[in-house]
Amino acid sequence: MTRFLRWPTAAAVAALTLIASLSAATRVTFTDTKLKNGLRVIISEDHTAPVISVVVTYNTGSRDERKGRTGFAHLFEHMMFKGSENVGPGEHFTQIFNNGGSMNGTTNQERTLYYETLPSNQLDLALFLEADRMASLDITTENLDNQRNAVQEERRLGVDNQPYGKTFEAIDELAYENPAYEHSVIGSMADLNAASVDDVKAFFKTYYAPNNAVLSIAGDVKSAECLAKVRKYFEKIPAQPAPAPVDVTEPVQTAERRKTLEDPLARLPRIDIAYHVPPALSPDDDGLTVLASVLGSGRSSRFYESIVRQQQLASSVGASSTSNRGPGLFRISGMLLAGKSVDDVEKAIYAEIEKVKAGPIADFEMDKARNNWKRSQVSSIASSLSRAIALGRYALFWNDPNLINTYADRIAAVKPADVRRVASRYLVPANRTVVITMPKAAGSGSEGGR
Amino acid sequence: MVAKRVIPTAAVAIVVAGGAIVSASRQGPPPPSPQASKAVVMKGKAPVSTELLKITLPRPAEVDLPNGVHLMVLEDHRTPQIVFQIEVPGAGGYFDPADMPGLASITATMMREGTTTKSTTQIAEQLERNAASVGAGAGLSSIDASVSGSSLTDNFDDTFALAADVLLNPTFPDEELQRYKQRIRTQLIAQRTQAGFLASEMFNRVLFGTHPASRVSLTAPVLDKVTRDMLVDFHKAHWVPDHAVIAMSGDITMAAARKAVEAKLAGWKKGTSAAPSADQPPQPGEARIHFVARPNSVQTNFLVGAQSLVRTSPDYDVLSVMNEVLGGGPTGRLFTILREEKGYTYGAYSGFSAFKVRGNWSANTQVRNDVTEAAFKDLMAQIARMRDEPVPDKELEAKKRGMIASFALSLESPQAMLNNYMIRHLYGLPADYWDKYPQRISAITQAQVQEAAKKYLDPPRLQIIAVGDPKLGEMFKKYGTVVTYDTEGKIVSGS
């Protein structure tokens, strides 16, 4: 068992060297300013490539949606490309691409994010476009109908026309009782149809205010000059009353929940298991992050080695901890090999979980989680876009943009006992939701391939 | 400054300053893009910089080693990471035995499953403990196979040593081969549930016939037949250094890279193989509408296209510009019309590939069932418009400007830059190929773009693939000869 053997002194020296070399090369510096209208501005200067990224993270996502209006935050995101006072419909992305940039918008439960990456001489263009739509979105019935169609096609493409598309929705619907996290980001077709121009206008006024957003800029800029430009474009936009905080509290689950779905587009069974866990970056989250790595990350993980490779029951079994600011789910998902039993896979998953609770965790497993987060920290600052996204997220969610420099240290501080403790506390039967997806026979000749 | 040259267009956004410094001038602000559709309205008030961005392309250090390996290193010390790739021409799927399509791909994948000193589990543990990666792969129709990896600088020596071990000393354990076969058999079943897979499988089949370029997946019969001995033999015969390229980028110098290669790959001895060459695929038969009936579909997946060209073709840049106008992103005509104007789809794009053998050009979109016919007509109308009408000046200039300026973004990624240089080397392109990129794109004219559309999007060459609800099949008969298939690819009707 040489892989567990080590000389403590040599290892300690090596670890110190590694940390030192990382922090020297990869510490991110930034400025953090609040404008008069409440817009938080974070600027991280880096002149290694003639590129800038501008990111606006709005503090609104699908968890802010009310019943009957699911999918709204994301539908709204599409409206942000349909024009504002000084920008025509479609002009935003046309200007970005025609000047060599890239851009997009993305919505999840927690936030709605917009970005532009451009050659560094186009900083004004990006700031102007973002400020104009923050100040004065142009909301018309025609634009809304057009984007409603696009979003409904997005739903068909990603959910309704895909095997296991509905599985993802089923897990959250069964696991959560509070509507905040219960429904999907894409929303239901009926609710998308119900969204009105007045809904869009009210949503814009409530959530798309400077005091409800973080603007983060990274790359080839001079901080002071950049901040002056930001003030020029953004500071005149009026603040709005802060939106009421959304109630995300989730009642404690007291018994296992279970559902079996039939999926006409699937040909192989799949099992999904979700456990309620506390929010990301809460004290137990670090242990849960390492636990997800030990159980389900990569080919050295316990699920892969035992269930995929040794027992040959599944083609993949993965695990992930939560990234929610509110109550989260620790998710496990397994795709069965042809001809194997769901019951056997489920039992095998639980057996591995019990082994973590009771048994040792190898040094390599702890090193793996630690080094993986160090590597992600390094990778996330290599591009201006991922750097700006991380700064905006850490500032908006946890009021601490410096987590970009310190988060990996939190993971490095986790001990095997912490991993065992969180596994024993959260990965218990009464706290789990199990969704099994079975192929539904489609009738005709398509069964031939089984 | 070297000779000052005026580039013959208004729309040059960047100048490349490197081994060959060029200068450029532009006149006035960039043209707002024209309104190809009422869905896009340019108010033109946003401030666009007209200042030229001077960029310096970093250059890789390059050296030829005695065993035939060409080593390329692009230094970039911004972050303590190193990425490497060992590219081996002649070990890709193009060189599969005729009765064993997929053998190269299986061989490459299985190389990571055990070496003379390490089991598959030990390999996984070493890599994942260090947050490093090593993988081996070969395309089903590619000329090359490769071993690639990445790690933090501190783990580079161990990671490269492991990659070398995987390359030189794979043992292809039979036990792991059996496990691999079972996993892949499951994947073969699962992939048939994806409409996108069914579309690309059919597209490649009708475009390339029995040429290796037609392959998109392993097959069950080959999995049944393949043995450990076949893998050993294929590896021995094809994984030779004679024409290989090793490329490294990131926190490393040429001296350190060379030292690592000479130390860890000392046993990789030059063989006597000629530079690998490949035959072009025959042109497909007459264009048809190939309809794959997929029960329970709520969308129709379209894939329309033809064979394209080889990477070294003089038409390559022109086709790039033509493709950009038609479907190269959210500003392309397909997206603008099919999504932003009509609301038929979440996305509509086109793209193309080119290798030593001809690749393909294709347009794709996914639309809901009840607009399938209307969307199909618009899709084909936009392709026809590329042939029938010159692209308006302003639209063309805007596209070219965007393509050139976006080149600056690749400077953020040493890997992307090095990949460009690898392409230059592997295809024998001129040394200043990337320095001249802005000039070449700028110089492309309306007439060239229209000629390229006529040549590459010629209606008799355009194969049409549609995957969707069986009830929609009948409708397509109005538009051409329809061949209908089931989701296993068997012909149900037509020919």
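Just so we're clear, the structure is a prediction, and the values are computed from it rather than from any experiment.

Describing the overall build of chain B
Okay, step 1: The helix and strand inventory of chain B stands at 15 helices and 15 strands.
Okay, step 2: Computed over its C-alpha atoms, the radius of gyration of chain B comes to 25 Å, within 12% of the 23 Å expected for a compact globule of 495 residues.
Okay, step 3: By its C-alpha atoms, chain B is 65 × 65 × 40 Å across when sized along the principal axes.
Okay, step 4: For chain B, the proportion of its 495 residues judged to be buried stands at 52%.
Okay, step 5: For chain B, the proportion of contacts with a sequence separation of at least 24, taken over those separated by at least 6, is 77%.

Here's the deal with the environment of Met110(B)
Okay, step 1: With respect to the helices and strands, Met110(B) occurs in helix α1 (residues 103-111).
Okay, step 2: As a C-alpha pair, Met110(B) and Leu168(B) span 58 residues in sequence and 13 Å in three-dimensional space.

A closer look at the sheet that holds strand β8 (residues 270-277) of chain A
Residue and element names in this part refer to chain A.
Okay, step 1: On the basis of which strands lie adjacent, the open sheet formed by five strands has the order β7-β11-β8-β10-β9 and mixed pairing. Each of the sheet's edge strands pairs with one partner strand only, and the pair in question is β7 (257-263) and β9 (314-320). In this sheet, neighbouring strand axes are inclined to one another by 15 degrees on average, regardless of whether the strands run parallel or antiparallel.
Okay, step 2: Pairing of β7 with strand β11 (residues 432-439), which is carried by seven bridges, proceeds in the parallel orientation. Opposite Asp 263, over in β11, you have Pro 439 as the bridge partner.
Okay, step 3: Across the face of the sheet, helix α11 (residues 285-296) comes into contact with β8, β9 and β10 (328-336) while running at roughly 170 degrees to β9.

A few points about the pairing of strand β14 (residues 482-485) of chain B
Residue and element names in this part refer to chain B.
Okay, step 1: In this sheet, β14 lies alongside strand β9 (residues 289-293) in parallel orientation, the contact comprising four bridges. From the neighbouring strand, His 290 faces β14, where its bridge partner is Val 483.
Okay, step 2: Note: β14 against strand β15 (residues 491-493), two bridges, orientation antiparallel. Residue pairing in the sheet places Tyr 485 in a bridge with Ile 491 of β15.
Okay, step 3: Hairpin connection from β14 to β15: five residues lie between these consecutive antiparallel strands, with Gly 489 at a positive phi of about 90 degrees.

Some thoughts on the sheet that holds β9(B)
Okay, step 1: A sheet is described by the order of its strands in space; here seven strands give the open sequence β11-β12-β10-β13-β9-β14-β15 (chain B), paired in mixed fashion. Both outer strands of the open sheet, β11 (345-354) and β15 of chain B, are each paired with one neighbouring strand and no more. Shown here is a sheet whose adjacent strand axes are inclined to one another by a mean of 25 degrees, direction ignored.
Okay, step 2: Its contacts with the sheet put helix α5 (residues 141-160) of chain A on β10 (299-307), β11 and β12 (358-368) of chain B, and the angle it makes with β11(B) is roughly 65 degrees.

Comments concerning the confidence of the model for chain A
Okay, step 1: Per-residue pLDDT for chain A has a mean of 90; in total, 92% of the residues score no lower than 70.
Okay, step 2: Across residues 1-24 of chain A the pLDDT falls below 50, and counting only partners more than four positions away or on other chains, this stretch makes 12 contacts in the model.

Some remarks on the nonpolar core
Okay, step 1: Core analysis: the biggest nonpolar cluster contains 254 residues, and Leu291(A), Ile246(B), Met322(B) and Val449(B) have the highest contact counts within it.
Okay, step 2: Top element by residues in this core is helix α15 (residues 384-398) of chain A. It accounts for nine residues.
Okay, step 3: Excluding residues within four positions of it along the chain, Val449(B) makes contact with Val318(B), Val321(B), Met322(B), Val325(B), Val391(B), Leu396(B) and Ile444(B).

Cut-offs used in this document
- Residues numbered from 1 in each chain as written.
- Chains lettered and ligands numbered in written order.
- Predicted model: local features only at pLDDT ≥ 70, side-chain atom pairs only at ≥ 80, totals over all residues.
- Helix = DSSP H or I, 4+ residues; strand = E, 2+ residues; numbered from the N terminus.
- Rg over C-alpha atoms; globule rule 2.2 N^0.38 Å.
- Buried ≥ 20, exposed ≤ 12 C-beta atoms within 10 Å, placed from the backbone.
- Contact = placed C-beta atoms within 7 Å.
- Pairing = 2+ DSSP bridges.
- Axes fitted to C-alpha atoms, helices over the stretch in contact; angles between N-to-C directions.
- pLDDT = per-residue confidence, 0-100.
- Core = buried A, V, L, I, M, F, W, Y, C linked by C-beta atoms within 7 Å.

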